[in-house]
Amino acid sequence: MPSDRVLHLLGSAAEPVLGVRVAVGQARARGWDVCLGLTPTAADWLRDDLDGLAELTGHPVKSRFRRPGDPETWPAADAVLVAPATFNTLNRWALGITDNWVVGHAAEAIGTGVPLVAVPRVNSALAAHPQFGRSLATLRAAGVDVLTNADGLPADGLPADGLPADGLPVDGLAPAPSGAGNAGFPWAAALAAVERAVAPGRRGNG
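Our subject in this report is the structure included herewith. (Residues numbered from 1 in each chain as written. Predicted model: local features only at pLDDT ≥ 70, side-chain atom pairs only at ≥ 80, totals over all residues. Heavy atoms only, no water.)

Points about the side chain of Ser12
Following the sequence through the fold, Ser12 ends up in the loop between strand 1 (5-11) and helix 1 (20-29). When its relative accessible area of 1% is taken as the criterion, Ser12 is described as buried. At 2.6 Å, the side chain of Ser12 forms a polar contact with the backbone oxygen of Pro84. (Helix = DSSP H or I, 4+ residues; strand = E, 2+ residues; numbered from the N terminus. Buried < 20%, exposed > 50% of the residue type's maximum accessible area, 1.4 Å probe, protein only. Polar contact = N/O pair within 3.5 Å; in protein donor to acceptor, adjacent residues only side chain to side chain.)

Okay, here's the thing in structure tokens:
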């Protein structure tokens, strides 16, 4: 679906990234031109579908930094959605450790003022780490809309702290995906939050 609204969808290595086709389809149905970026581990999980995802979105799937002199292949974003956002991705983003393309792109988006939404996918053991809460607070203070079930996510199966949970989601240390894929991940709520973030009068919208 042609659109002049561009969404940069950035996924990290938690199992819902296996259902990213669903997210792309829902976003396109809402009138977004979607560009998909993946952490290296997420890209490895989806390696057999990367060409298909590029065809679906109409843009190359990014997972690595450009070489000097290479042209930019994506249009500028009207909004950025980081989902699923793992423990590793969220902490690196908050701390400014930009050693993979997804975190670097999300970090730059804070500086450019583009509307940003993130949906954590972190198990309860990692969520209990003291840095995790500090990272969420840092990102929220920087203007990132970090979603919890208090923000309208489905409550079924979520812990009391509102953070979606699944297996160990640390990029580069993540277990092989079991195939659960998109099950239970609140893509629709995430995209609704993106719509709210770009509404007139919100940050990054003039």
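Structure's up, so let's keep going.
Describing the environment of Val146
Assignment of secondary structure puts Val146 in strand 5 (residues 145-146). Residue Val146 is classed as buried on the basis of its relative accessible area, which comes to 2%. C-alpha of Val146 to C-alpha of Ala118: the two residues are 28 residues apart in sequence and 4.8 Å apart in space.

Topic: helix 7 (residues 130-141)
Its 12 residues give helix 7 an end-to-end C-alpha distance of 17 Å, which sits within 8% of 16 Å, the value for a rise of 1.5 Å per residue. What helix 7 keeps buried is the set Gln131, Phe132, Ser135, Leu136 and Leu139. Along the long axis of helix 7, the arc covered by the buried residues comes to 135 degrees, so they all point the same way. Structural note: helix 7 exposes Pro130 and Ala141 on the side pointing more than 90 degrees away from its buried face. Buried residues along helix 7 sit in contact with helix 4 (87-95), helix 5 (101-112), strand 4 (116-120), helix 6 (124-127) and strand 5. One or two residues past the end of helix 7 sits Gly143, with phi positive at roughly 100 degrees. (Expected span 1.5 Å × (residues − 1). Arc of directions from axis to C-beta. Contact = heavy atoms within 4.5 Å.)

Remarks on the pairing of strand 4
Of all 5 residues making up strand 4, 5 are buried, and the element is well covered by its neighbours. Both faces of strand 4 are covered, namely the face carrying Leu116, Ala118 and Pro120 and the face carrying Val117 and Val119. In this structure, strand 3 (residues 79-85) lies alongside strand 4, joined through 4 bridges in parallel fashion. Its bridge partner being in strand 4, Val82 is matched across the sheet by Ala118. Direction of pairing for strand 4 relative to strand 5: parallel, over a ladder of 2 bridges. Looking at the pairing, Val117 lines up with Asp145 of strand 5. (Pairing = 2+ DSSP bridges.)

A word on the layout of surface pockets
Empty space within the largest pocket amounts to approximately 180 Å³. Taken together, 13 residues make up the lining of the largest pocket; nearest its centre are Lys62, Glu72, Trp101, His105 and Glu108. Per-element tally for the lining of the largest pocket: the top contributor is helix 5, with 4 residues. When its residues are assigned to classes, the lining of the largest pocket shows 6 nonpolar, 3 polar and 4 charged. (1 Å grid on protein atoms, 1.4 Å probe; cavity = no way out; pocket = protein on both sides within 12 Å on 5 of 7 lines; lining within 4 Å. Points joined across faces, edges and corners; volume = space filled by probe spheres on them. Nonpolar A, V, L, I, M, F, W, Y, C, P; charged D, E, K, R; others polar.)

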